[in-house]
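# Remarks on the overall topology
For reference, the chains in residue letters:
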Amino acid sequence: MSDIINPTAGGQAPLSTGKELTGQPGADAAPETRGRTTIADSVVEKIAGMAAREVPGIHSLGSGMSRTLGAVTDKVPGGRPNVSRGVKVEVGERQAAVDLDVVVEYGVPIADLAAEVRTSVITAVERMTGLEVVEVNIAVDDVHLPDEEDDGEEGGGRVQ
């Protein structure tokens, strides 16, 4: 049996009672077996979103409506860009599945781009979380043409 020293109401530990502490039970156990780590879905969404955006040829993430709403909320003072827009995940104890809605740049081979995005997302999520990524599903929602304006850009409209 080991002694546990509880702080007093004043925040200071009581003086020693003369017994020597021999350590916590299981002190020789490996650190990874001494507790439980849970990773929120939103953490994996952010990691996957950042990894997907880093791949050349990805214009943006999210379906048309979410990109439009996101462009508006990004302009609100104090608002931050939502890196998890267009990303949905399911996280279990040891595995994760990722769904991405993407807009690709015109002229980029979509099959090659999808393979690069999968590799980037799987590598980032597995390296940062230790979770096994069992699948990365990619839905290409749009192609960004070179002469198109981005959602939320000012100017260039018919009426000013």
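Residues numbered from 1 in each chain as written. Predicted model: local features only at pLDDT ≥ 70, side-chain atom pairs only at ≥ 80, totals over all residues. Heavy atoms only, no water.

### Focus: the overall build of the protein chain
Per the secondary structure count, the protein chain includes three helices and four strands. Helices and strands appear in the protein chain in the N-to-C order α-β-α-β-β-α-β. Contacts in the protein chain between residues far apart in sequence, at least 24 positions, make up 68% of those at least 6 positions apart. (Helix = DSSP H or I, 4+ residues; strand = E, 2+ residues; numbered from the N terminus. Contact = heavy atoms within 4.5 Å.)

### Remarks on the confidence of the model for the protein chain
Looking at the protein chain as a whole, the pLDDT averages 79, with 66% of positions reaching at least 70. At the low end of the mean pLDDT range in the protein chain sits helix 2 (residues 64-74), at 51; at the high end sits helix 3 (residues 110-129), at 98. Low pLDDT, under 50, characterises residues 1-9; the stretch is placed with eleven contacts to residues that sit more than four places away or in other chains. (pLDDT = per-residue confidence, 0-100.)

### Focus: the layout of surface pockets
Quantified by volume, the second largest pocket comes out at close to 270 Å³. If you go around the second largest pocket, the residues you meet are Arg-36, Thr-37, Thr-38, Ile-39, Val-91, Gly-92, Glu-93, Arg-94, Thr-129, Gly-130 and Leu-131. Of the residues that constitute the lining of the second largest pocket, the class distribution is three nonpolar, five polar and three charged. (1 Å grid on protein atoms, 1.4 Å probe; cavity = no way out; pocket = protein on both sides within 12 Å on 5 of 7 lines; lining within 4 Å. Points joined across faces, edges and corners; volume = space filled by probe spheres on them. Nonpolar A, V, L, I, M, F, W, Y, C, P; charged D, E, K, R; others polar.)

### Regarding empty space enclosed by the protein
The final tally for this structure, using the stated rule, is one cavity of 30 Å³ or more. Estimated volume of the largest cavity: approximately 30 Å³. Counting only elements with at least two residues in the lining of the largest cavity, the list comes to strand 3 (95-105), helix 3 and strand 4 (132-144). When residues of the lining of the largest cavity are assigned to their parent elements, the largest contribution, three residues, is made by helix 3. For the lining of the largest cavity, the per-class residue count stands at eight nonpolar, no polar and no charged.

### Considering the environment of Gly-92
By the element assignment, Gly-92 lies in the loop between strand 2 (87-91) and strand 3. Since its relative accessible area comes to 40%, Gly-92 is described here as partly exposed. (Buried < 20%, exposed > 50% of the residue type's maximum accessible area, 1.4 Å probe, protein only.)

### Concerning the packing of helix 1 (residues 41-53) against helix 3
Packing of helix 1 against helix 3 brings their axes to within 8 Å, and their N-to-C directions diverge by 140 degrees. Judged by the angle between their axes, helix 1 and helix 3 are oblique. In this structure, helix 1 meets helix 3 at a crossing whose hand is right-handed. Mapping the contact onto sequence places Val-44, Ile-47, Ala-48, Ala-51 and Ala-52 in helix 1 and Val-117, Ser-120, Val-121, Ala-124, Val-125, Met-128 and Thr-129 in helix 3. (Axes fitted to C-alpha atoms, helices over the stretch in contact; angles between N-to-C directions. Parallel < 35°, antiparallel > 145°, perpendicular 65-115°, else oblique. Left-handed = near helix turned anticlockwise from the far one by under 90°.)

### So, the nonpolar core
Side chains that are nonpolar tend, in soluble globular proteins, to be buried together. Formed by 23 residues in total, the largest nonpolar core has its most connected members in Val-98, Leu-100, Val-117 and Val-121. At the level of secondary structure, the elements contributing two or more residues to this core comprise helix 1, strand 1 (58-61), strand 2, strand 3, helix 3 and strand 4. (Core = buried A, V, L, I, M, F, W, Y, C linked by side-chain atoms within 4.5 Å.)

### Quick notes on the pairing of strand 4
For strand 3 and strand 4, the ladder comprises eleven bridges, and the chain directions are parallel. In the sheet register, Val-104 faces strand 4, and the bridge partner there is Val-143. For the segment spanning strand 3, helix 3 and strand 4, crossover handedness is right-handed. (Pairing = 2+ DSSP bridges. Right-handed = clockwise from strand over helix to strand, strands pointing away.)

### Side note on helix 1
Taking 1.5 Å per residue as the helical rise, helix 1 with its 13 residues ought to reach 18 Å, and the 18 Å between its terminal C-alpha atoms agrees with that figure. Among the residues of helix 1, those classed as buried are Val-44, Glu-45, Ile-47, Ala-48, Gly-49, Ala-51 and Ala-52. Here the buried face of helix 1 lies against strand 1, strand 2, strand 3 and helix 3. (Expected span 1.5 Å × (residues − 1).)

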